[in-house]
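Chain by chain, the residues:
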Amino acid sequence: MRRHIPRALAAALVAGALAAPGAAAADEGPELILNGGFDAGTAPWWWTPDSPATVVGGRLCADVPAGTANPWDAIIGQNDLPIAAGETYALRYTATATAPVTIRTNVQQAVEPWGQFFSSADQVTDTAKTFEHVFTATAADDAAQLAFQVGGSDAAFTFCVDDVSLRGGAEQPPYDPDTGSPVRVNQVGYLTEGPKNGTFVTESAQPLTWTLNAADGTEKASGTTVPAGTDPTSLENVHTFAFGDFTEAGEGYTVTIDGETSEPFAIGDDIYGTLRTDALAYFYHNRSGIEIDAGLVGEEYARPAGHVGVAPNRGDDDVPCQPGGCDYTLDAAGGWYDAGDHGKYVVNGGIAAAQVMGAYERTLTTEGADGEPLGDGKLAVPERGNGVPDVLDEARWQLEFLLAMQVPAGEDLAGMAHHKLHDAQWTGLPTLPHEDPQPRELHPPSTAATLNLAATGAQCGRLYADYDETAAFADRCLASARTAYAAAKAHPDMLADPDDGTGGGAYSDGDVSDEFYWAAAELYLSTGEDTYLQDVLRSPLHGDAAAVFPDGGMSWAATAGLGALDLATVDSGLTDAQLAVVGGMVTDAADGYAADAANAAYGVPYAPAGGRYVWGSNSQVLNNMVVLATAHGLTGEAGYRDAVLTGLDYLLGRNPLNQSYVTGHGERDSKNQHHRFWANQLDPSLPNPPAGALAGGPDSQLEDPVAQRELAGCPPAMCYIDDIESYSTNEVTINWNAPLAWIAGYADDLGSGGGGDPGPGPGEECSAAYSVPNEWPGGFTGSVTITCDGAALDGWTAEWDFPDGQRLQNAWNAVCTQTGTTVSCRNAPYNGAVPDGGSVSFGFNAGWSASNGTPREVKLGGGT
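Since we're looking at a predicted model, the values are computed, not measured. The residue count restarts for each chain, going from 1 along the sequence in the order it is written. Local features in a predicted model are, by the rule used here, given only for residues with pLDDT of at least 70; side-chain atom pairs are given and counted only at 80 or more, and totals for whole chains, interfaces and linings are based on all residues. Based on all heavy atoms of the structure, the side-chain values leave hydrogens and waters out of the count.

Enquirer: Can you explain the state of the cysteines? Please cite residues and give values.
Expert: Note that a disulfide, as used here, is simply two cysteine sulfur atoms within 2.5 Å. Scanning the model with the defined rule gives six disulfides in all. Here Cys714 connects covalently by a disulfide to Cys719, the sulfurs 2.0 Å from one another. Its S-S torsion of about 100 degrees marks the bond between Cys714 and Cys719 as right-handed, since a negative value means left-handed. An identical accessibility class is assigned to Cys714 and Cys719; each is buried. Between Cys816 and Cys825 runs a disulfide, and the two sulfur atoms are separated by 2.1 Å. Looking along the S-S bond of the Cys816-Cys825 disulfide, the torsion reads about 115 degrees, which is the right-handed sense. Between buried and exposed lies partly exposed: a residue is buried under 20% and exposed over 50% of the maximum accessible area for its type, with that area taken using a 1.4 Å probe on protein chains only. By relative accessible area, Cys825 is classed as buried at 3%.

Structural data, given as structure tokens:
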């Protein structure tokens, strides 16, 4: 709720005379705020009793106490503001705070239900800042309220405000995002032997000269741009350029065209390894039912376990159905939180689990693919060292939840799966999982959820059977999958209610033929049984590439492609003719996506019908890239590979907004994705998302208030804003990060020579040796020596994974950082050159707890 101060109480709290309204701006209506400059004292302003305010130096200043829980626990406000429907207003004010704080600035109803005409999260510091907001009222109210909600901080501070103005008659400013340089590149970098393309926004119709420059400004290559006309996704005139023939590894490259310079980027073979690790780390961060360990994620991202029944949590170990549903409860603790909220969904969780497992299964089915970076001891998960690949440990956390959502034997609808589990009501931003007080509820079973369980359970059955430690779990998965599939066939049309969207998303799906296809395919591949194969072959989708792989991409509601990809790649008893059919579906779809990428000025393999970018468009792009990468593995055709890599270019900065949509990767990366813990934009004491979190991306439907207010008139691929409250463009979810991890692994394999197109590795005749010259309880000194014999380095990097969660403290003779368990070091300005027959060393201090194991390898890169 939002705190309301009755007018009588407000009058009792303040004193002073009313000031005359300020002079109206020439292009705006009359001033609605009285005494906005506080020249006449404090009236008619009011404040909550716990935050007394006075005029100090011409500003109204309130002392906000420590420990307020919610923004509305401390308010400065003014009532009786006449708001007209359809009118556009300009709100301005200047504010400071003695401690950094994010306040809520609301124009709203002054009585329940406190409906908002405008709301903004404004970050206030000790430096005076003027905030300007323009909004259009969708309803009328002759006695609305301006409320500066300044509560919700652990620390006490003083908030001061001045020059408050609210005028009607304003004009909505035209959509004009800050896109930085018009030279658009992949801000992370390009593989040495891969395509290297960019896009330039310009009014010129004639080719222009481009130059590729090294970090020191030295020109390395040049050429001319190719005019591409008006890009329909951005409505801008653009040129393209390519420098794929340049293969000299290095960092800090830029491209300059017509006096404009791109963001810096790297060229090399070890470009995407960190992206793979970071993308997979997302899932541990979002585990439910377990403490997130600082030793694995760092102090900033550590948190207590959520939804384990510790007050104020109700817990997920004894969850009842919604009122009027079942008469049993389920222990459905664990699993991954789906997105920025605390919901857990079987349909969304199914495709995510399948693709995390698929990131591993790809390394078993694709020649040259490397599963070692996913192996035991390679990822930041608490199960490392148990003899099972870490990626399967992570996927199991979600699979256990999916299995727990199955209706128990002896109950009505036994074998079906409940559609979802989440709070009875939506929680606010921010709310940490362990602070969520809402009751938890099971929602009715659905055919779609049941088939997600059948498909992922079957995939689990074949992957986990390879390890003694998980063989029994594999058997349990497969048994549940069989039961679920039989239950779904007995109840083929139990569809989720599209109106069941309170406290969590509805995730309704009116067509489950794709889920039947996917589940039958996975059960056939894991059992070899003809019954399941016949269900695949009899499906109306089989052989129809357009139906199995829609133009918009696979998604939680379009899953048939998952089954087709596995049928085409996993060893089975399919005949050559049957394999030709499924392989043909994959390559037919990939041909279309590759053509889309080739025709796009930004190289993106995504051309939705009518140019309509959807909620989560970035995940659709990635799922098309998964199809392309699979086609490349099947055929070896470089065109498929190139379309995957230009898709990565788009996601990492070569796009109309010059925006890297992955936190921590690229110079202009997303930082304020919609999440209830990673909420620094709303609470400076909380973190931004960790590296590797993918933003949903452009959504041309503008499906949240922030997008509607800030993005009106945006071209399709520019309908995105890096704002925590724009959930339709800036949400994060498990089923968006899963294909990101899959594709990052594929691209990393390309750079290291796996997956089909090997290239020379920098530093092949140089080596790095890791040692520990000094160790003490809780800490140690490490040393790395780089030696060259038969080659030389001109600039180097060294990277390794700490096997036991050690934490880097400081380094010398190198610049080192740590993300998760991965330490990345590069040469200092004075020791980048390693001659043939020479060596350089650098050292570091680090901490350890239980043990101090040695990394399995140090990856060495640099300019040979």
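Enquirer: Report on the pairing of strand S25 (residues 420-423), specifying residues and quantitative values.
Expert: Pairs of strands are assigned from DSSP output, requiring at least two bridges between the strands. Working definition: helices are DSSP H or I runs of at least four residues, strands are E runs of at least two. Numbering for both runs from the N terminus. The pairing of strand S23 (residues 344-345) with S25 spans two bridges and is classified as antiparallel. Its bridge partner lying in S25, Lys344 is registered against Leu421. As paired strands, S25 and strand S26 (residues 440-442) are joined by three bridges and run antiparallel to one another. Counted as the bridge partner of Leu421 is Leu442 from S26.

Enquirer: So what's going on with the pattern of salt bridges? Which residues, and what values?
Expert: Basic side-chain nitrogens of Lys or Arg form a salt bridge, by our definition, when they fall within 4 Å of a carboxyl oxygen of Asp or Glu. Evaluated as defined, the whole model comprises 27 salt bridges. Close ionic contact of Lys344 with Asp316 constitutes a salt bridge, the shortest N to O distance being 2.8 Å. With a gap of 28 residues between them, Lys344 in strand S23 and Asp316 in the loop between helix H3 (294-297) and strand S21 (319-320) connect regions that are remote in the sequence. A salt bridge links Glu372 to Arg856; its shortest N-O distance comes to 3.9 Å. Taken together, the positions of Glu372 in the loop between helix H4 (346-365) and helix H5 (390-404) and Arg856 in the loop between strand S36 (839-847) and strand S37 (859-862) put the pair 484 residues apart, joining distant regions of the chain. Judged by relative accessible area, which is 62%, Arg856 ranks as exposed. Salt bridges here are not isolated pairs; linked through shared partners, they connect Arg276, Arg362, Asp748 and Asp749.

Enquirer: So what about helix H9 (residues 530-538)? Which residues, and what values?
Expert: The complete set of buried residues in H9 reads Tyr532, Leu533, Asp535 and Val536. Looking straight down H9, one finds its buried side chains confined to an arc of 155 degrees; they lie on one side. Of the exposed residues in H9, those oriented more than 90 degrees away from the buried face are Thr531 and Arg538. Whether two residues are in contact is decided by their heavy atoms, any of which lying within 4.5 Å being enough. In this structure, the buried side of H9 is in contact with helix H7 (471-490), helix H8 (513-527), helix H11 (560-569) and helix H12 (576-599). Here the arc refers to the set of directions running from the helix axis out to each C-beta atom.

Enquirer: Pulling in residues and values, what's your account of the packing of helix H6 (residues 447-463) against H7?
Expert: Each axis is a line fitted through C-alpha atoms, taken for helices only over the stretch in contact, and angles between the N-to-C directions span 0 to 180 degrees. For the pair H6 and H7, interaxial distance at closest approach is 7 Å and the crossing angle is 150 degrees. When the interaxial angle is binned, H6 and H7 end up roughly antiparallel. As for the relative orientation of H6 and H7, their crossing is left-handed in sense. Between H6, through Thr447, Thr450, Leu451, Leu453, Ala454, Gly457, Ala458, Cys460 and Gly461, and H7, the contact on the second element is made entirely by Phe473, Ala474, Cys477, Leu478, Ala481, Ala484, Tyr485, Ala487 and Ala488. Taken together, the residues of the contact of H6 with H7 break down into 14 nonpolar, four polar and no charged. Roughly parallel here means an angle under 35 degrees, roughly antiparallel means over 145, roughly perpendicular means 65 to 115, and every remaining angle is called oblique. Note on convention: the crossing is left-handed when the near helix lies turned anticlockwise from the far helix by less than a right angle, right-handed when the turn is clockwise. Under the grouping applied here, Gly and all other residues not named as nonpolar or charged are polar, the nonpolar ones being Ala, Val, Leu, Ile, Met, Phe, Trp, Tyr, Cys and Pro and the charged ones Asp, Glu, Lys and Arg.

Enquirer: An account of the sheet that holds strand S11 (residues 183-184) is requested, with residue identities and associated values reported.
Expert: Reading across the sheet, the four strands line up as S11-S13-S17-S16 and stay open at both edges, with antiparallel pairing between neighbours. The outermost strands of the open sheet, each flanked by one partner alone, are S11 and strand S16 (226-231).

Enquirer: Explain the nonpolar core to me, using residue names and the numbers behind them.
Expert: Nonpolar cores were defined as sets of buried Ala, Val, Leu, Ile, Met, Phe, Trp, Tyr and Cys residues, with membership established by side-chain atoms within 4.5 Å. The biggest cluster of nonpolar side chains holds 168 residues, and the ones touching the most others in it are Tyr272, Tyr464, Tyr485, Phe549, Leu567, Leu648 and Ile743. Residues in contact with Ile743, not counting those within four places in the same chain, are Leu622, Met625, Val626, Ala629, Val644 and Leu648. Counting residues in hydrophobic clusters, the runner-up holds 36 residues, among them Val64, Ile76, Leu81 and Phe135.

Enquirer: Explain the pairing of S36 to me, and be specific about the residues and the numbers.
Expert: Counting buried positions along S36 gives seven out of nine residues, so the element sits mostly inside the fold. In this structure, strand S29 (residues 779-788) lies alongside S36, joined through nine bridges in antiparallel fashion. Note that in S36 the partner of Thr787 across the bridge is Ser839. As defined by bridge partners, strand S32 (residues 807-812) adjoins S36 across five bridges and the pair is classed as antiparallel. Among the inter-strand pairings, Trp812 is bridged to a residue of S36, identified as Gly843.

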